[in-house]
Amino acid sequence: MKSRELDPADQSQQLETGDGSMSKQRRDRSAQRKKAHGLSFFHGLAIVSAAAFSCHAATAVAADCQSLAALSLPNAKIDAAQEIDAGSYTPAGAKAIAGLPAFCRIHGIIAPAPGSQIGFELWLPRTSWNHKLEMFGNGGYSSDISYADMADRLQTGYASVATDTGHIGSDPAFAAGHPESIVDWGHRAVHETAQKAKLLVAAYYGAAPVHAYFKGCSTGGHQALMEAQRFPGDFDGIIAGDPGNNRTHLNAGFLWQYIANHPHGDDAHPIIPASKLSMITQAVVKACQGLNGSQDGGLPTDNFLTDPGSCHFDPATIACKGADAADCLTAPQAQALKAMYDGARDPQTGERIFFGWPPGSEGSSAVVERLPGWSLYWADPAKADQPARLTYWRDWAFDDKWNWWNFDWSRDMRAADAKLAPIINANSPDLETFRKLGGKLLEYHGLADPVAPPLDSISYYEHVVADQKEKHADLSAGAFYRLFLVPGMAHCSGGPGADRFDAQSALENWVERGAPPDSMIASHADGEGAATHVAFSRPLCPYPRQARYDGKGDPTLAGSFVCRDDGRSREPPSVGPDYSK
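Because the structure is a prediction, the values reported are computed rather than measured.

Q: Honestly, the pairing of strand β13 (residues 533-540) in this entry has me stumped. Any pointers?
A: Each regular strand shows side chains that alternate between the opposite faces of the sheet. As paired elements, strand β12 (residues 520-526) and β13 share 7 bridges and run antiparallel to each other. If you follow I521 over to β13, its bridge partner there is P539.

Q: Could you clarify how one ought to interpret the pairing of strand β4 (residues 103-110) in this entry?
A: Most of β4 is tucked away: 6 of the 8 residues are buried. One ladder, built from 8 bridges, connects β4 with strand β5 (residues 118-125); its direction is antiparallel. Paired with I109 across the bridge in β5 is G119.

Q: I tried to follow the packing of aromatic side chains on my own but got confused; where do I start?
A: Working definition: an aromatic ring pair is given by the centre-to-centre distance plus the angle between the planes. The full count for this structure, using the stated rule, is 36 aromatic pairs. Pairing F304 with F536 gives two aromatic rings, centres 6.2 Å apart and planes at 15°, and the pair type is stacked. Remark: F536 occurs in strand β13 and F304 occurs in the loop between α6 (277-288) and α7 (331-342); sequence separation between them is 232 residues. Of the residues examined, F304 reaches a relative accessible area of 5% and is grouped as buried. In this structure F536 comes out as buried when scored by relative accessible area, which is 14%. With centroids separated by 6.2 Å and ring planes inclined at 50°, the aromatic side chains of Y460 and Y481 adopt a geometry described as tilted. Of this pair, Y460 sits in helix α11 (residues 454-471) while Y481 is found in strand β11 (residues 481-486), placing the two residues 21 residues apart along the sequence. Just as Y460 is buried, Y481 falls in that class too. Positioned above the aromatic ring of F235, the side-chain terminus of K198 is 5.9 Å from the ring centre.

Q: I tried to follow the sheet that holds strand β10 (residues 440-446) on my own but got confused; where do I start?
A: Strand pairing in a sheet relies on backbone hydrogen bonds. The paired strands run either parallel or antiparallel. The strand order across the open sheet formed by 9 strands is β1-β4-β5-β7-β6-β8-β9-β10-β11, and the pairing between neighbours is mixed. The open sheet has two edge strands with one neighbour each: β1 (76-84) and β11. Direction aside, the axes of adjacent strands within the sheet are offset by 15° on average. The pairing of β10 with β11 spans 6 bridges and is classified as parallel. Looking at β11, one finds that H445 is bridged to L485. Sitting on the sheet, helix α2 (residues 147-154) is in contact with β4, β5, β6 (132-136), β7 (159-163) and β8 (211-217), with an inclination near 25° to β5. Relative to β5, helix α3 (residues 179-205) is tilted by about 35°, and along the sheet it contacts β1, β4, β5, β6, β7 and β8.

Q: For this particular structure, what's the right way to read the packing of helix α4 (residues 219-230) against helix α9 (residues 411-424)?
A: For any two helices packed against each other, the geometry comes down to the angle between their axes and how far apart the axes lie. Interaxial distance between α4 and α9 falls to 11 Å at its minimum, and their mutual angle equals 80°. When the interaxial angle is binned, α4 and α9 end up roughly perpendicular. Contacts between α4 and α9 involve H222, M226 and R230 on the former and, on the latter, P422, I423 and I424. Its residues assigned to classes, the contact of α4 with α9 comprises 4 nonpolar, 1 polar and 1 charged.

Criteria and cut-off values
Residues numbered from 1 in each chain as written. Predicted model: local features only at pLDDT ≥ 70, side-chain atom pairs only at ≥ 80, totals over all residues. Heavy atoms only, no water. Pairing = 2+ DSSP bridges. Helix = DSSP H or I, 4+ residues; strand = E, 2+ residues; numbered from the N terminus. Buried < 20%, exposed > 50% of the residue type's maximum accessible area, 1.4 Å probe, protein only. Phe/Tyr/Trp six-rings, centres within 6.5 Å; stacked < 30°, edge-to-face > 60°. Lys NZ or Arg CZ within 6 Å of the ring centre and 35° of its normal. Axes fitted to C-alpha atoms, helices over the stretch in contact; angles between N-to-C directions. Contact = heavy atoms within 4.5 Å. Parallel < 35°, antiparallel > 145°, perpendicular 65-115°, else oblique. Nonpolar A, V, L, I, M, F, W, Y, C, P; charged D, E, K, R; others polar.

So this is what it looks like as structure tokens:
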């Protein structure tokens, strides 16, 4: 088949029906998105007649899948375009996924700059496309694609897409000798993939998606905020979970934990062993349980903290009376714990470099059984005598001679920011273009997260609120951006709190029906497999509101709680100008 050229067209274009029934609001939004990006209409696409296609219809007529391999995309090449039969499918390097509808699988490589090689995977349902596209984020520095998420959306009619972020593997060492891969990972891969996916969707179905969504947690949450800030026209709705968006400072936070938990120059003997973290969490919850129900709205019987900010735990309360033991802290251990609660600071100015992790997160939800909570990142999981993310510091920020014990928290932190923050940090509070384009951002963060401190999300939200107040005295940031804090949830999921909730439906109701989420119902499940049951449910409330028990209903049911703002100040600790570079 002869190659068909596609311009880098308006990624939000929507086709009108023959009678011009597209709403004025959608036409205006489409025009705004074109203007924001300086993009033109699709050229070289066969326009399907209104009789054959309506953007409001439940299905679309699909093109031949294999023909997509012949498309000439800007700076990209399709290396696989294959029909996958309904049933079970096994993606490369992943487990088999059953129950899939027939779909067109596309794999391609995007090279927007010399040295860049961004891989992506796009799945297009053969029938019953719902006229939506959803992209999924990544975790850590991993190139792994979330095929399970893609399959879940495919089964309900979405076109789904993801990227390897421009490299293979999970160690930041991938950037050694490949500086463009840092740019790809930092912000370019998601944007380029979203652009190409929309072109391919339009070529396959004869129309661009009516709505485009992004969903990610951790690094995926970082990518989500980066999209809203830097590429506000890519997605109509964005879900950002437990984001590590202040990346240069997050890695400094991990390094701070390592330094705080070792005698100077001694890599062999951590001060607090990982085995004590769960004990510390239990002591924290016990000490602050009296606050639950009176101040933070939870129940006295909760085994997690509803509002860690109201808990001011003193490590001295569990000091050893004599020799070191499993159920107490020595004086050096108590001192190290205080330093980790406080977080990284510039010793010369006292300025905060990164927030500390909250009380109640110390031993939260072990991803690796032997490394609960903080211990997963306070040292390298594979090599305990060196900090986590060592290759980030050596291959991204400095060189292979870099040593953590010589790190200057003032000079070296500024040098790392100067080199990397413009590329990999997603800290800008200016979401004005995203708002003007009609975008909606739903962020959530676990309050027992041992990886990304929830105070960082609160700080970012407050900065967006302040920015919006400067621009619009009569507008609220909550009109397009809402933050939901999840008591007792660890990093992205897990933990003793109610960690299961449907952010997707909440976002779609907001984007497509104009109904902002005033709450989301979350549940906590006990048991496994067929024995799984819901132990309790709670409403999640948009910050700064919190769920408070009404004092009379069944405490295991979300309906017995109400979202309320009691007027208490929840100002996060102040940060200096360097914090949000």
